[in-house]
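Chain by chain, the residues:
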Amino acid sequence: MRKYLKIIDRHRATKWARLGSIVIDRVVFNMFFFAFAIIGGFIDGLLGIYYFTKFFDQLKGISRLADIVMTNIIFFVYIFLLEYFTKGRSIGKFVIGSKVIMTDGTEPTLKRLFDKKHLQIGTI
């Protein structure tokens, strides 16, 4: 078992900081989808292929539950990949000034990102 540092407890992010970072990440995530739709519509209009328009029309026909499940899966993958490649920081965590670290103060590894008992979110 790895050593637990008491400094981690002193710099632990508050619940409000965690909520703030999730809200910021969700806003950025939604802005990404909005930009994707705008760019897709622009490309369709410019090239006259209407691929994106047909794709968005098909997405419009899915149920509300399927929409929520798909969006949350994509959001999870977004957060996971962003925190993995930026060594524990998403855009929201960067803005708030927090970072995911292991309880011994090291950066998270791919395997241990799924093991919540060894992760902490602390302020920088």
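For the structure, see preceding data.
These notes cover the structure that comes with them. Treat the numbers as computed from the prediction; the structure is a model and nothing was measured.

What counts, and where the lines are drawn
- Residues numbered from 1 in each chain as written.
- Predicted model: local features only at pLDDT ≥ 70, side-chain atom pairs only at ≥ 80, totals over all residues.
- Heavy atoms only, no water.
- Helix = DSSP H or I, 4+ residues; strand = E, 2+ residues; numbered from the N terminus.
- Buried < 20%, exposed > 50% of the residue type's maximum accessible area, 1.4 Å probe, protein only.
- Contact = heavy atoms within 4.5 Å.
- Salt bridge = Lys/Arg side-chain N within 4 Å of Asp/Glu carboxyl O.

Structural notes on the environment of I24
Thinking step 1. Residue position: I24 is located in helix α2 (residues 15-47).
Thinking step 2. Looking at I24, the relative accessible area reads 24%, which means it is partly exposed.
Thinking step 3. Through-space distance from the C-alpha of I24 to that of S90 is 9.5 Å; in sequence the pair is 66 residues apart.
Thinking step 4. Non-local contacts of I24, meaning those with residues more than four positions away in its chain, are made with G92, V95 and I96.

Some points on the pattern of salt bridges
Thinking step 1. Following the criterion strictly, the structure yields three salt bridges and no others.
Thinking step 2. Put simply, E83 and K93 hold a salt bridge, and the shortest N to O gap is 2.5 Å. With E83 in helix α4 (residues 64-85) and K93 in helix α5 (residues 91-96), the pair connects residues that are 10 residues apart, well separated along the chain. K93 shares its class with E83; the two are buried.

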